[in-house]
Amino acid sequence: MNAILSWLVPPVVEGRGAVGLLLLRLVAGAAMLLHGWPKIQAPFSWMPAEAPVPGILQALAAVAEFFGGGLGWLVGFLTPLASLGMLATMTVAVMFHAGRGDPFVGQGGPSYELALLYWMLGLLFLLIGPGRFSLDAQVFNRKR
């Protein structure tokens, strides 16, 4: 049980690292909240009709983006769990873009750089946690 708890509630990062994590969470959380907002408005049908993704998977992605990567990262609550949802969603996004030949960085066209960046943020928050200035730190209060 302690191993599971240590993954769900990592020790709290203090000092300058906590400030950096706070700023990163605020920017990434706000961006993902705005990115997920249109999807959460029509969670089962936000993709085009020709997309081969079932409605339930679209809804899971909408929830992961709006609530996990958006609200979860923004306030730093259940951050590793929220990050797992983002990792799953962004893995599909990266594979979709890379699979159809989109470049890593596109010049005005589709690319997978943003999905990969969000994937990396999800991994960072999963491994390190949200830092001292988060609800996780206030609720679970684990010292590093």
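Position numbers for residues start from 1 in each chain and track the written sequence from start to end. This being a predicted model, a pLDDT of at least 70 is required before a residue's local features are given, and a value of 80 or more before pairs of side-chain atoms are given or counted; all residues contribute to the totals for chains, interfaces and linings. As a convention, hydrogens and water are excluded, and side-chain values are obtained from all of the structure's heavy atoms.

### Regarding helix H2 (residues 15-41)
Then, number 1: In this model, H2 (27 residues) spans 38 Å end to end at C-alpha, consistent with the 39 Å of a helix rising 1.5 Å per residue.
Then, number 2: Those residues of H2 lying buried are Ala18, Leu21, Arg25, Ala28, Gly29, Met32, Leu33, Gly36, Lys39 and Ile40. Helix numbering and strand numbering both begin at the N terminus, where a helix is a DSSP run of H or I of at least 4 residues and a strand a DSSP run of E of at least 2. For a helix, the expected span equals 1.5 Å multiplied by the residue count minus one. Relative accessibility thresholds used throughout: buried, under 20% of the residue-type maximum; exposed, over 50%; partly exposed, between the two (1.4 Å probe, protein chains only).

### Considerations on the nonpolar core
Then, number 1: Among buried residues, those of type Ala, Val, Leu, Ile, Met, Phe, Trp, Tyr and Cys that are joined through side-chain atoms within 4.5 Å constitute a nonpolar core. If you look at the biggest cluster of nonpolar residues, it comprises 13 residues, and the most contacted ones within it are Met32, Trp73, Met86, Met90, Tyr118, Leu121 and Phe125.
Then, number 2: At the level of elements, H2, helix H4 (79-99) and helix H5 (113-128) are the ones that each hand at least two residues to this core.
Then, number 3: Sorting elements by how many residues they give to this core places H5 first, with four residues.
Then, number 4: In this description, contact between two residues means that some pair of their heavy atoms is separated by no more than 4.5 Å. Discounting residues that sit within four places of it in the chain, Tyr118 has contacts with Ala28, Ala31, Met32, Trp73, Met86 and Met90.

### Quick look at a nonpolar patch on the surface
Then, number 1: Judged by side-chain polarity, Leu8, Val75, Phe77, Leu78, Leu81, Leu84, Leu135, Val139 and Phe140 come together as a nonpolar surface patch covering roughly 720 Å² of accessible area.
Then, number 2: At the level of secondary structure, the elements contributing two or more residues to the nonpolar patch comprise H4 and helix H6 (135-140).
Then, number 3: For the nonpolar patch, the element with the most residues is H6, which contributes three residues.
Then, number 4: Positionally, Phe140 belongs in helix H6. Residues form patches when they are more than 30% accessible in relative terms and have no salt bridge. Like charges link within 9 Å. Nonpolar side chains (Val, Leu, Ile, Met, Phe, Trp, Tyr) link within 5 Å. Throughout, the Shrake-Rupley method with a 1.4 Å probe supplies accessible areas, and for residues the shown protein chains are the sole cover considered. Basic side-chain nitrogens of Lys or Arg form a salt bridge, by our definition, when they fall within 4 Å of a carboxyl oxygen of Asp or Glu.

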